[in-house]
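Coordinate inspection notes
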Amino acid sequence: MKLPHTRVRMGRQVLILCGDFMEDYEVMVPFQALQAFGVSVDSVCPGKKAGEACTTAVHERLPHEQTYRESRGHNFTLNATFDDIEASKYDGLVIPGGRAPEYLSMNESVLKLVCKFSESGKPIASICHGQLILAAADVLRGKKCTAYPAVKPVAVAAGAQWVEPESMAACVIDGNLITGATYMGHPEFIRLFVQALGGTITGSDKNILFLCGDYMEDYEVIVPFQSLEALGCKVDAICPSKKPGETCPTAIHDFEGQQTYSEKPGHQFTLNASFEDALASYSSYHGLVIPGGRAPEYLALHDAILGLVNQFMKDKKPVASICHGQQILAAAGVLKGKKCTAYPAVKLNVVLGGGEWMEPEPIDRCFTDGNLVTGAAWPGHPEFISHLMALLGIKVTF
């Protein structure tokens, strides 16, 4: 069973250049964030057709290690066929990093495509190792450019004006070219690309709280977290018994032919706020997001969490919960009379909690009932995030 990736035709159209073992975050976050902001996104890979998948890679660098480590990520389903695309119909190009650029940079069709975007002056946003492709296409000459530090020798040899990344969140813009060091810089990277596409963001002066826990689903925390940051929101991520700077391990949940989803280790997600401080400053928050995964099973047993969720619902502040996150909503007793969807296995929690069950057909469906947004699974992020944006009064216009 393959989970669908939303493909809706909108005003702006963007192309993402994919390949096996591209970095997991570096393809999915811009793919879903841009759709949530009203952009149509096609994802393609040389030699593959729409509906086929690329294997992604989780890349992380731990403090005591000299370079990043790699493990298997989600399977990313393409929604367009490389041989069918016409560069002229797209308004911009995104190039994820990871290991895919190593071999994509040797593909003449890929290089010709990148050159077409460069010659037309359309925005190109490339991150991490994606700049290997830019170097091979000879579009870096004379351009300010950053990347993952190991890419520096190639970028310099290709004539780029190398900008040393002061942090792994660094981004640089020079004309139509946007480059980023790693996925840590996604908020600025995506915001700069939206602006290059002619987008204007309004209403984003919001403070949002994320309820995190060990083994929450990898995409279900990072995609909405970085999407909201890209919009200009201040986003605090908290977890009971953990401090700012500490991490939560995440879980990669995917569908690979078994009767239920598989699980693999995901990225480490770094918290940036204190649980106790968030409780004390509740009034400063405009909305709450609850990721799914396995964390909600035990977070639903935490009285302070249930009290916090109750307060958001009582005050009618926007609450957005996805997948297994609705286990927390049910335990908090806030679903009575509310239309609600979730991952199908959570139906029992929703029904016993008094919610009006909305069947998730297809699996990317989302629903809004009053101040509550619920989604079934991470393929629904574009709709999930756009519903939350509507409740928060955030708009992206082109």
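For the structure itself, consult the block above.
Since we're looking at a predicted model, the values are computed, not measured.

1. Some remarks on the overall build of the chain
Helices and strands together make up the secondary structure of the chain, namely 13 helices and 24 strands. The C-alpha atoms of the chain give 20 Å as radius of gyration, which agrees with the globular expectation for 398 residues (21 Å, within 12%). Sorting the 398 residues of the chain into buried and exposed places 60% on the buried side. Long-range contacts, defined here as pairs at least 24 residues apart, represent 71% of the contacts in the chain between residues at least 6 apart. Approximately 15,100 Å² of the chain is accessible, and the part contributed by carbon and sulfur atoms is 51%.

2. Re the sheet that holds strand E14 (residues 216-217)
Taking strand neighbours across the sheet as the criterion, the three strands line up as E14-E16-E17 in an open arrangement whose pairing is mixed. The open sheet has two edge strands with one neighbour each: E14 and strand E17 (262-270). Bridging between strand E16 (residues 247-254) and E17 involves seven bridges; their strand directions are antiparallel. Its bridge partner being in E17, His253 is matched across the sheet by Glu263.

3. Remarks on the environment of Ile222
Structurally, the position occupied by Ile222 is in helix H7 (residues 218-231). As for Ile222 and Thr250, which are separated by 28 residues in sequence, their C-alpha atoms are 9.8 Å apart. Apart from residues no more than four positions distant in its own chain, Ile222 is found in contact with Tyr25, Val29, Ser227 and Phe269.

4. Thoughts on the packing of H7 against helix H13 (residues 381-392)
Direction vectors running N to C along H7 and H13 enclose 45°, while the axes themselves pass 11 Å from each other. Here H7 lies oblique to H13, going by the angle between them. Crossing geometry of H7 relative to H13 is assigned as right-handed. Mapping the contact onto sequence places Tyr219, Glu220, Val223, Pro224, Ser227, Leu228 and Leu231 in H7 and His381, Ile385, Leu388 and Met389 in H13. The class makeup of the residues in the contact of H7 with H13 is eight nonpolar, two polar and one charged.

The rules we used
Residues numbered from 1 in each chain as written. Predicted model: local features only at pLDDT ≥ 70, side-chain atom pairs only at ≥ 80, totals over all residues. Heavy atoms only, no water. Helix = DSSP H or I, 4+ residues; strand = E, 2+ residues; numbered from the N terminus. Rg over C-alpha atoms; globule rule 2.2 N^0.38 Å. Buried < 20%, exposed > 50% of the residue type's maximum accessible area, 1.4 Å probe, protein only. Contact = heavy atoms within 4.5 Å. Areas by Shrake-Rupley, 256 points an atom, 1.4 Å probe, with all protein chains shown as cover. Pairing = 2+ DSSP bridges. Axes fitted to C-alpha atoms, helices over the stretch in contact; angles between N-to-C directions. Parallel < 35°, antiparallel > 145°, perpendicular 65-115°, else oblique. Left-handed = near helix turned anticlockwise from the far one by under 90°. Nonpolar A, V, L, I, M, F, W, Y, C, P; charged D, E, K, R; others polar.

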